[in-house]
Each structure stands twice: as C-alpha cells, then as structure tokens.
Amino acid sequence: MKKIYFITGSQDLYGEETLARAAEDSKEMAAFLNEKLCTTVEVVFKQVVTTSAEAFDVCTQASADSECVGVIMWMHTFSPAKMWIRALKALTKPMLQLHTQYNKELPYDSIDMDFMNLNQAAHGDREFGFVCTRLGIKREVVSGYYKHDEVIEKLRRFAKAAVAVDFGKGMRVAMFGNNMRDVAVTDGDRVESEIKYGWNVNYYAIGDLCDIIDGVTDEEVDGKMAEYSEKYDFNTDNTAAVREQAKYEVAIEKFLERENISAFTDTFQDLHGLNQLPGIAVQNIMAKGKGFAPEGDYKTAALTAVLVKMAESREGATGFLEDYTYDLTQGEEVELASHMLEVSPVFAAEKPKIEVHPLGIGGKSDPARLVFDGITGEGIAVSMIDMGDRFRLVCAEITLIKQPQPMPKLPVARVMWKLKPDFATGTAAWIYAGGAHHAVVSTALTVEDIRLFAKMTNTELVVIDDKTELNAFEQQLDMLDTLAKLRR
Ligand code: MN
C-alpha cells in the first residue's frame, strides 16, 4: 500500500502546550483520513513542523521515500512560510494543501486568544499558499471541514491520481515494431516521455515474440481456449484461427511478464512471422488492465495503463478507442468508435462473440476477434499529443449511447457516443486542439481526474465540455502556444 504523508505546519511562538495540542489534533485527523482512504493509500502523520530544518527534512524524506506518492500539507497554526522555501524546492511529490480546521464550529461562548492562535489555518494556509504560488509549485488546494464527504472524496481523487502518476514512474512500455509509417499524431518523443512521466518506452522486433510463440505448447493453448469459452460466446467454426490467437496471447503474456511490461503496441505493418494480426489476443489482455494501442501509438498505450490504474476499484470501463465514423443526421449526430480489431471487452454491453472475418489490411490470414455492442453512460475521451516543445492532453466529455440500430455486417466491436456541447463544436474544438484519432475513453474517470494528472505532471490540458465556446477555445489555444514560445 502506497503512502501519503500528512504534514502539519506551525512555529514555536505559542509555546509547548500549543504545539502538543497541534500534534494531538493532527494525529487524530490523519488517523481519521487514513480510516477513510485506507483502501487507496495509507495516510501517515509525520510531524508538526516548526523550523526550516524540520521542513527540509520531512520534504526530502517524502521525496526519497519510494512508498510515498504524495503529501498533504496543513497549517494548523500560523507558519511563517520563508521556512518552507528550501523544503518546497526539495519536494518532488504531488502536494495537496488541505485548507481545513480541527474544529468545525466556533465555540462562541468560550472562544479566546488561545483558541484563535491554535486554530488559525485561515491565516496560516494563506501564508503557505503565497510561498507555493511564488515558487510556482503546482498543487491541489482542497477547502472545507476534513470530515465532510465532499472533502474526503477530493482527497481520494488526489490519492488515486498520485498513485497512478507514481505507477507511471519507471513503467515499461514495449513497441512491437515502430510507429505506423507516415502517421504523425501517434508519434512522439520517447526520451521526453521518460523525462516527464517516467515511461520507459522501447522497441522490440516482432521476431522476439515469434520465438516465444514457437515455444507455446498445445496444453497452454487449450488452457487459453478454456478461458475464452468461459468469458465469450463462440460465433465461428474456424477454431484453428482462434487457437492461433490463443497461442499469441500466451506468448504475449509471457513476454510482458518476463520484461515487466505494463503497456504495449503492435502494428499491422510489422507482422513478419505471424499469420494473423493479433485480435482477441490483445483484446483479452487489455481487459486484464494492460495498456495497449495499435500502430505503434505508445503514448495512448502508456496513458491507458496509467488511467486504468487511476480508475482501479471504480465503476466503469477504461481503454483505447479510435474515432471511426459518424451518423450526421442533423441534431442527432453520433460518433461510432471502434478499431479494425482491438477494442477492449471492458466496453462490452453484452457477452462478446468470437468471430473470424477477413481483414482488408496487412495481408495476413483472417483474424479472430471479439465483437460486441458498447456500454452506455457519461464518460471522457483523452488524447495525448506531442506539440514538439511540450505534450498536450485533450480531454472531452462524451455521452456513450446505445447503438440506434443493429449493425449485423460490422465485424468489429463498436462504441457510440455523443459529443459536448454539440457535435459541431465538440469535433471542431478537438480538431483545433490537435487531438488524435486515438484516445483513452473512460466511463470511470472524469475531467477532474485528468485535471489532477495534468497538474501533477505539469502537462498542458484543454477541456471540451458543456461550456466550450469555439472563439474562447481558439483563443485559449493561441495563448497556450504563445506561452510555450515564451518559455522556450
Ligand atoms: Mn488506429
């Protein structure tokens, strides 16, 4: 279980008694928060900080502790913030400034100067906040009584995002083959991805996988086929084609395990030694939480793995999808998202069917794949693009809908959605922002989660939602470009 440090700011002006009270109150609050958040993180009270040296010590400890994913800072009493400068410059973990009090209500009958001196977060958090702002430190400020449900939920959201960002540090991503030839948006700076997010992205030859495929036994394939039978309905007589995919999946799983890989890509342009493009093989792996994106799109694959981690234990589905085609009936415009094979069965509204159909791309045998209609509900689509001097996240709110009519001849899984605030604005904004045709779609996460990820990783974020207005949106993009140029 990863940890979040609970650190209390104070000083020594009010004497030992006040400091002892501050420590007691902090312990009680941290214990309460730990009880509430213990399924996500352990909240550990560290200390009441009264000097610059103590502040530096606790912040360097947080930075060096591999189990610590973030810190909660709270200024119980007034804490002169020059003493935090050196410490905050040494802090490398995400910070949440909790603007709260130990007491909920004012004790009107008994309040005196001692009470005010002890309980002055209103003062202390502003002083601390100024120094954070002056230092340009990105942090999340959460205000309200610490026992209130809304406050707890904000802390939980922060903790989940911090765990996911931490998961990304040192995460290994494998590309079988390279980026699809001539495609721009799926490409990216892998060195910068590692500098910024910790994603270690490496190329492997498909031959490395073929060697493992050759060693897969009939018994292993039988085992995988049994897994398929349990989870899916067979809608094909071509068992040989499905067994071929089962063999691929056994091999890919062995490879991911051996190389400690959390996300991977393949490409139909590099299948030397394979008879089929991996279909159900990668679909079934995606459903187990591994990140995947096709055509060498390592950014979407890695982001999927991180967002799946963030969504862990929440209701809803998270995975890769591609923008494909539209129904442009006026006022009723809907999008159909899919891929040529690889749609994660986490999006299935029904038990997926295993089918075998020809694939008009890649020049290989007919691949087995899962076919299903998609789930419904509120969701987001998130795309990460490389602007050359920075990464940008484009996050759009979408409403996943039931497909209006059956599509008996469509041989792939599909998900349909409506855009916000309307089709024309939502799609134009996405295109102005440079958003890709590949995205991570989630009905488990919201814009707030992506906002936290962007904040913790200092990534540019543009949001498309009910309030999006194109003129203002384009101006925002212009301003972000100008700022990036100034920062160069
Ligand atoms: Mn694609």
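Treat the numbers as computed from the prediction; the structure is a model and nothing was measured.

Chemist: Please provide a residue-by-residue account of the side chain of H339, values included.
Modeler: Of note, H339 is situated in the loop between β12 (334-338) and β13 (353-356). Side-chain polar atoms of H339 contact the side chain of E295, separated by 3.0 Å. In this structure the side chain of H339 is engaged in a polar contact, spanning 3.0 Å, whose partner is the side chain of E322.

Chemist: Just give me the short version of a nonpolar patch on the surface, but keep the residues and values in it.
Modeler: Together, L106, Y108, I111, M113 and M116 line one region of the surface with nonpolar side chains, adding up to about 530 Å² of accessible area. Tracing the backbone through its elements, the reader meets I111 in the loop between β4 (95-99) and α4 (113-118).

Chemist: How would you explain the side chain of T318 if you had to name every residue and give the values?
Modeler: Position of T318 among the secondary structure elements: in strand β11 (residues 318-327). For T318, a relative accessible area of 10% translates into the label buried. Sequence-distant contacts of T318, defined by excluding residues within four places in its chain, comprise L307, V308, A311, V346, F347, V440, V441, S442 and A444.

Chemist: Before we move on, can you summarise the pairing of strand β9 (residues 263-266) with the specific residues and values?
Modeler: Burial of β9 is two-sided: the residues A263 and T265 facing one way and the residues F264 and D266 facing the other way are all buried. Sheet analysis places strand β6 (residues 172-176) next to β9, joined by 3 bridges and oriented parallel. Its bridge partner being in β9, V173 is matched across the sheet by A263. Bridging between β9 and strand β10 (residues 291-294) involves 4 bridges; their strand directions are parallel. Paired with A263 across the strands is G291, a residue of β10.

Chemist: Before we move on, could you go through the packing of aromatic side chains and cite the residues and values that matter?
Modeler: Scanning all chains against the criterion turns up 14 aromatic pairs. An angle of 85° between the planes, with centres 4.7 Å apart, marks the rings of Y326 and F423 as edge-to-face. Separated by 97 residues along the polypeptide, Y326 in strand β11 and F423 in helix α13 (residues 423-433) bring together distant segments of the chain. Given a relative accessible area of 41%, Y326 falls into the partly exposed group. Among the aromatic residues, those joined into a cluster by ring pairs are F176, Y204, F255, F264 and F292. The cationic tip of K46 hangs over the ring face of Y5; the distance from NZ or CZ to the ring centre is 4.5 Å. Sitting above the plane of the F56 ring, R86 keeps its charged end 3.6 Å from the centroid.

Chemist: Quick one: what's the story with the pairing of strand β5 (residues 140-143), residue by residue and with numbers?
Modeler: Side-chain alternation along β5 places E140 and V142 on a buried face and V141 and S143 on a face that remains uncovered. Examined bridge by bridge, β4 and β5 share 4 bridges and lie parallel to one another. Considered in β5, the bridge of H99 is made with S143.

Chemist: Requested: an account of the sheet that holds β10, with residues and values cited.
Modeler: Reading across from one edge, β7-β6-β9-β10 is the order of the 4 strands in this open sheet, with parallel pairing throughout. The two strands at the open ends of the sheet, each matched to only one other strand, are β7 (200-204) and β10. The mean angle between the axes of side-by-side strands here comes to 20°, regardless of whether they run parallel or antiparallel. Taken strand by strand, helix α7 (residues 190-197) contacts β6 and β7, and its axis lies near 150° from that of β7. The sheet contacts of helix α10 (residues 239-259) involve β6, β7 and β9, and relative to β6 the element is tilted by about 140°.

Chemist: Can you lay out the coordination of the manganese ion for me, pointing to particular residues and giving the numbers?
Modeler: Distances from the manganese ion to its protein donors, namely E295 (OE), E322 (OE), H339 (NE2) and H438 (NE2), fall within the range 1.8 to 2.5 Å. Mapped onto the sequence, the residues coordinating the manganese ion show the spacing E-x26-E-x16-H-x98-H. A residue pair is termed long-range when its members are at least 10 positions apart, and H339 in the loop between β12 and β13 and H438 in strand β18 (residues 438-442) qualify at 99 residues. Of the residues examined, H339 reaches a relative accessible area of 2% and is grouped as buried. Residue H438 is classed as buried on the basis of its relative accessible area of 0%.

Chemist: How would you sum up the nonpolar core? Please name residues and give values.
Modeler: Formed by 136 residues in total, the largest nonpolar core has its most connected members in F6, L98, W199, F264 and F453. No other element matches helix α6 (residues 149-168), which puts 10 residues into this core. Built from parts of two domains, this core gets at least three residues from each of domain 1 (3-167) and domain 2 (172-487). Among all residues touching F453, those that are not within four sequence positions of it are V165, Y197, W199, L303, V306, M310, M384 and L393. If you look at the next biggest cluster of nonpolar residues, it comprises 21 residues, including A55, M75, A87 and L88.

Chemist: Talk me through the domain arrangement of the protein chain; I want residue IDs and the actual numbers.
Modeler: Once the domains are mapped, the protein chain shows domain 1 (3-167) and domain 2 (172-487). Computed from C-alpha coordinates alone, the two centres of domain 1 and domain 2 are separated by 38 Å. Contacts between the two partners involve 13 residues from domain 1 and, on the opposite side, 18 residues from domain 2. Regarding the contact of domain 1 and domain 2, the summed buried area is about 1,400 Å², with carbon and sulfur atoms giving 69% of it.

Chemist: Which residues make up the sheet that holds strand β2 (residues 42-49), and what values go with them?
Modeler: Taken in spatial order, the 5 strands make up an open sheet running β2-β1-β3-β4-β5, and their pairing is parallel. Among the strands making up the open sheet, the edge pair consists of β2 and β5. Across the sheet, the axes of successive neighbouring strands diverge by a mean angle of 25°, strand direction being ignored. Bridge analysis of strand β3 (residues 68-75) against β4 gives 3 bridges, and the strand direction is parallel. Counted as the bridge partner of M73 is Q97 from β4. Along the sheet face, helix α5 (residues 121-135) touches β3 and β4 and points at about 155° away from the line of β4.

Here is what the cut-offs are and how they apply
Residues numbered from 1 in each chain as written. Predicted model: local features only at pLDDT ≥ 70, side-chain atom pairs only at ≥ 80, totals over all residues. Heavy atoms only, no water. Helix = DSSP H or I, 4+ residues; strand = E, 2+ residues; numbered from the N terminus. Polar contact = N/O pair within 3.5 Å; in protein donor to acceptor, adjacent residues only side chain to side chain. Patch = residues over 30% accessible without salt bridge, like charges linked within 9 Å, V, L, I, M, F, W, Y side chains within 5 Å. Areas by Shrake-Rupley, 256 points an atom, 1.4 Å probe, with all protein chains shown as cover. Salt bridge = Lys/Arg side-chain N within 4 Å of Asp/Glu carboxyl O. Buried < 20%, exposed > 50% of the residue type's maximum accessible area, 1.4 Å probe, protein only. Contact = heavy atoms within 4.5 Å. Pairing = 2+ DSSP bridges. Phe/Tyr/Trp six-rings, centres within 6.5 Å; stacked < 30°, edge-to-face > 60°. Lys NZ or Arg CZ within 6 Å of the ring centre and 35° of its normal. Axes fitted to C-alpha atoms, helices over the stretch in contact; angles between N-to-C directions. Donors = N, O, S within 2.8 Å, 3.2 Å for Na, K, Ca; no water. Core = buried A, V, L, I, M, F, W, Y, C linked by side-chain atoms within 4.5 Å. Domains from an automatic or database assignment. Buried area = accessible area lost by both parts, 1.4 Å probe.

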